[in-house]
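Report on the structure
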Protein chains: 2
Amino acid sequence: MIDKLIAKIKETKAPIVVGLDPMLSYIPEHIKEKAFEEKGETLAGAAEAIWQFNKEIVDHTADLIPAVKPQIAMYEQFGIPGLQAFKDTIDYCHEKGLVVIGDAKRGDIGSTSAAYAAGHLGSVAVGSNTFRPFDEDFLTVNPYLGTDGVKPFADVCREEKKGLFILVKTSNPSSGEFQDKLIDGRPLYEYVGELVAQWGEGCMGESYSRIGAVVGATYPEMGKILRKIMPKSYILVPGYGAQGGRGADLVHFFNEDGLGAIVNSSRGIIAAYKQEAYAKFGPERFGEASRAAVEDMIKDINGALGL
Amino acid sequence: MIDKLIAKIKETKAPIVVGLDPMLSYIPEHIKEKAFEEKGETLAGAAEAIWQFNKEIVDHTADLIPAVKPQIAMYEQFGIPGLQAFKDTIDYCHEKGLVVIGDAKRGDIGSTSAAYAAGHLGSVAVGSNTFRPFDEDFLTVNPYLGTDGVKPFADVCREEKKGLFILVKTSNPSSGEFQDKLIDGRPLYEYVGELVAQWGEGCMGESYSRIGAVVGATYPEMGKILRKIMPKSYILVPGYGAQGGRGADLVHFFNEDGLGAIVNSSRGIIAAYKQEAYAKFGPERFGEASRAAVEDMIKDINGALGL
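A brief report on the enclosed structure follows. Fair warning: this is a prediction, and the values are worked out from it, not measured in the lab.

Right, let's talk about the overall build of chain A for a bit. A tally of regular secondary structure across chain A gives 12 helices and 12 strands. By the compact-globule yardstick of 19 Å for 307 residues, chain A fits well, its C-alpha radius of gyration being 19 Å. The principal-axis extent of the C-alpha atoms belonging to chain A is close to 60 × 55 × 35 Å. The buried share of chain A, reckoned over its 307 residues, is 65%. When contacts within chain A are restricted to residue pairs at least 6 apart in sequence, long-range pairs at least 24 apart make up 73% of them. Entry remark: accessible area of chain A is about 10,400 Å², with carbon and sulfur atoms responsible for 51%.

Dropping the structure here:
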């Protein structure tokens, strides 16, 4: 899947991913009204609104981008119907040829991580049948439990040719509390980065590993160091746009081949119609606003990369 | 909810929690056959088998124990039907008066943690209605992202009087890779423990905080130190039984008031009928085997505590 992701990045000339993290407050009233009319002001109504919202954004951006990253929390908060919308979104994005990065930040002891890996990336057996319950292409993983919590995910990636992005240095303000703690003069995130590189060696695609890392756009200097520590790992870079990262900050997340990083924007794209720059589209044409925001993001990043 | 948990521990004289982590391989054939007959060898069939299995174990143990801890991964791996079985299990355990600890190990940037907190512990608004999608009483949380990833969970706990168990030192073999790294001569888990204590100060119940910690039974010496660092935090102790922990190892996880810790066993209880000690019950009477295993676990732990 890392090879497919890279091929699609080259094809679209867009090292970006659209974060499908639909808060109800992002969804235009006309979409919510229609969904609530059909399914009531219920969890199913919320899920329907999310699904219709996602669909329109995907329809307006799929030809421009290689990948999407649905954040499962935004669906899980609406219970079973919400998770059904998560699954429907994954399936629809696959139909459109997009790579799907499930942003779930799962991670547990070995046997439990194995269950998450089966459900999200692999398959489960029931009697004589097998099923692929969520079937994302990549999954984000939390490394706090160490190698035996990550290995079951890596094993499934090897079998299924799928991929991971492991949290190394997250984009949020307090990420440093633990991740920056110095160990023999070096921050914890460097140790995590070294293990990501090591885990990745056993999971190589053609030119990059199936095991990548998450490093926040909000910490460009750390991105520069981590780029060197994990030369074969793709870096998923959240924090662009609404969280404060800009294209110019991102140059060092990339390798000299122009590859090695994929930059996520969520709110900045999916709620673009709420920004002054795209207000002209209005809530009715929110999909077009998202498309314009994607075009601007691609320009910003490629401009910074000198492409 | 911490006050209810403590009251129930005193009432049952059982500082234990049964981990409802049903692997299909634990479920007796007669349960699976019936479920597959009704719903086919499908995800729905697997979910039905899990639900019937859980129900029988809860029916046979609810009067002996204060709490259960369903591990969401074991349900999530069976997709939407699996998650419905998770929700049904929570509701059924509530009907039986049990405290439910959702073992989900969620944790993300602030806005995302807020969505998980709403979905698992709090409520979500849809139009003019509000819903409590999963409605666990406690949730396990991964602290790797630091304070702003934990705060939304703590906020909901304060509002809803619910609780958290934050991963400090996990029970798995490689937990030390990052958690034991020395910072100025002290391991990372101590720093995490100090923050748990600090976060907990703003979330006090009557005698203990609503913010507890996870510390593995497999690391009793570390448990002893962490007990002192977090005097007001309940410690959820996984790793008893199948993972290697014994009652005698657990004494120092408790405070002098005989409270402060709750010990989890999953496989050791729910798959008891597969152990030699309980083989006499056979797969048909697996619920009774689980009950006997609960009684033995209570004896082991209370014996070690001199009760």
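Let us keep going from here.
Looking now at the sheet that holds strand 10 (residues 211-215) of chain A. Residues and elements named next belong to chain A. Reading around the circumference, 1-2-3-6-7-10-11-12 is the order of the eight strands in this closed barrel, with parallel pairing throughout. Helix 7 (residues 147-160) rests against strand 3 (99-106), strand 6 (138-141), strand 7 (163-169) and strand 10 of the sheet, and its axis sits at about 145 degrees to strand 7. With respect to the sheet, helix 12 (residues 286-304) is in contact with strand 1 (16-18) and strand 12 (261-265), its orientation differing from that of strand 1 by roughly 155 degrees.

All names here are of chain B. In terms of burial, strand 12 (residues 261-265) is largely enclosed, as five of its five residues are buried. A two-sided burial pattern is seen for strand 12, the buried positions comprising Ala261, Val263 and Ser265 on one face and Ile262 and Asn264 on the other. Sheet analysis places strand 11 (residues 235-237) next to strand 12, joined by three bridges and oriented parallel. Residue pairing across strands places Ile235 opposite Ala261, the latter belonging to strand 12.

Next up on the list: the relation of the copies chain A and chain B. The transformation that overlays chain A on chain B combines an axial shift of 0.0 Å with a rotation of 180 degrees, and the residual RMSD is 0.0 Å. Such a combination of turn and shift is consistent with a two-fold rotation axis. In terms of C-alpha distance to the rotation axis, chain A has Ile183 of chain A as its closest residue, with the C-alpha 2.6 Å off the axis. Counting the interface residues of chain A, we find that 100% of their copies in chain B are interface residues as well, pointing to one common contact surface.

This part covers the interface of chain A and chain B. Facing 67 residues of chain A, the contacting portion of chain B comprises 67 residues. When chain A packs against chain B, close to 5,600 Å² is buried across both sides, 63% of that on carbon and sulfur atoms. In terms of surface lost to chain B, no three residues of chain A exceed Ile80, Tyr144 and Phe178 of chain A, which account for 16% of the buried area on that side. The residue Asp108 of chain A makes a salt bridge to Lys105 of chain B at a minimum N-O spacing of 3.0 Å. Our count for the chain A to chain B interface comes out at 31 residue pairs in polar contact (both at pLDDT 80 or more). Considering each element in turn, the side of chain A that touches chain B owes the most residues, seven residues, to helix 6 (residues 110-120) of chain A. Looking at the side of chain A that touches chain B, its residues break down into 35 nonpolar, 24 polar and eight charged.

Looking now at the sheet that holds strand 6 (residues 138-141) of chain B. Strand pairs in the sheet, formed through backbone hydrogen bonds, run parallel or antiparallel to each other. All names here are of chain B. Read around the barrel, eight strands follow the order 1-2-3-6-7-10-11-12 and close on themselves; strand pairing throughout is parallel. In the sheet, strand 2 (residues 67-68) pairs with strand 3 (residues 99-106) via two bridges, with the strands oriented parallel. Along strand 3, the bridge assignment pairs Ala67 with Val99. In this fold helix 7 (residues 147-160) packs onto strand 3, strand 6, strand 7 (163-169) and strand 10 (211-215), with an angle of close to 145 degrees to the strand it touches most, strand 7.

Further remarks concern helix 3 (residues 43-61) of chain B. Along its 19 residues, helix 3 of chain B runs 27 Å from first to last C-alpha, staying within 8% of the 27 Å computed at 1.5 Å per residue. By the N-cap criterion, in which a side-chain oxygen at the helix start approaches the backbone nitrogen of a residue two or three places on, helix 3 of chain B is capped by Thr42 of chain B, the distance to Ala44 of chain B being 3.3 Å.

Okay, the nonpolar core next. By size, the foremost hydrophobic cluster in this structure holds 237 residues, and its most contacted members are Leu164 and Met230 of chain A. If sequence neighbours within four positions are ignored, Leu164 of chain A has contacts with Leu121, Phe138, Leu139, Val141, Val150, Phe153, Ala154, Cys157, Arg210, Ile211 and Gly212 of chain A.

Scoring rules and cut-offs
Residues numbered from 1 in each chain as written. Chains lettered and ligands numbered in written order. Predicted model: local features only at pLDDT ≥ 70, side-chain atom pairs only at ≥ 80, totals over all residues. Heavy atoms only, no water. Helix = DSSP H or I, 4+ residues; strand = E, 2+ residues; numbered from the N terminus. Rg over C-alpha atoms; globule rule 2.2 N^0.38 Å. Buried < 20%, exposed > 50% of the residue type's maximum accessible area, 1.4 Å probe, protein only. Contact = heavy atoms within 4.5 Å. Areas by Shrake-Rupley, 256 points an atom, 1.4 Å probe, with all protein chains shown as cover. Pairing = 2+ DSSP bridges. Axes fitted to C-alpha atoms, helices over the stretch in contact; angles between N-to-C directions. Least-squares fit on C-alpha atoms with pLDDT ≥ 70 in both. Buried area = accessible area lost by both parts, 1.4 Å probe. Salt bridge = Lys/Arg side-chain N within 4 Å of Asp/Glu carboxyl O. Polar contact = N/O pair within 3.5 Å; in protein donor to acceptor, adjacent residues only side chain to side chain. Nonpolar A, V, L, I, M, F, W, Y, C, P; charged D, E, K, R; others polar. Expected span 1.5 Å × (residues − 1). Core = buried A, V, L, I, M, F, W, Y, C linked by side-chain atoms within 4.5 Å.

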